[in-house]
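Observations on the three-dimensional arrangement
What follows is the residue order along each chain.
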Amino acid sequence: MVEWKLQDDNDYVGLYKNYILRVEQMGPQKWWWAVYKDNEDLCYDNPFVRNLDYGKKLAEQCVREDETNC
């Protein structure tokens, strides 16, 4: 579904249709994630997660839920 690319040492970006997904490490076992659609926050103010893979999973789930609601 989403092709993730490493932007920095700890910042990942995924592009899918008109969505931008981000997952960034903020500290040890502390990852922030967000989803933007058409330059607006879709899923932004989320609790931190413990690892990269779970952050990616939640961001992709946010996109799927938004597509379902359209």
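Since the structure is predicted, the reported quantities are computational estimates derived from the model, not experimental observations. (Residues numbered from 1 in each chain as written. Predicted model: local features only at pLDDT ≥ 70, side-chain atom pairs only at ≥ 80, totals over all residues. Heavy atoms only, no water.)

As for the sheet that holds strand 3 (residues 19-27)
One open sheet accounts for 5 strands, arranged 1-2-3-4-5; its pairing is antiparallel. The two strands at the open ends of the sheet, each matched to only one other strand, are strand 1 (3-6) and strand 5 (40-43). The average angle at which neighbouring strand axes cross in this sheet is 30°, direction not considered. Pairing analysis gives 3 bridges linking strand 4 (residues 30-37) to strand 5, with the strands arranged antiparallel. Across the sheet, residue Tyr36 finds its bridge partner in strand 5, namely Asp41. Contacting strand 1, strand 2 (11-16), strand 3, strand 4 and strand 5, helix 1 (residues 52-69) crosses the sheet at an angle of about 20° to strand 4. (Pairing = 2+ DSSP bridges. Helix = DSSP H or I, 4+ residues; strand = E, 2+ residues; numbered from the N terminus. Axes fitted to C-alpha atoms, helices over the stretch in contact; angles between N-to-C directions. Contact = heavy atoms within 4.5 Å.)

A few points about the pairing of strand 1
Within a regular strand, the side chains alternate between the two sheet faces. Note that strand 1 and strand 2 share 4 bridges and pair antiparallel. Opposite Trp4, over in strand 2, you have Gly14 as the bridge partner.

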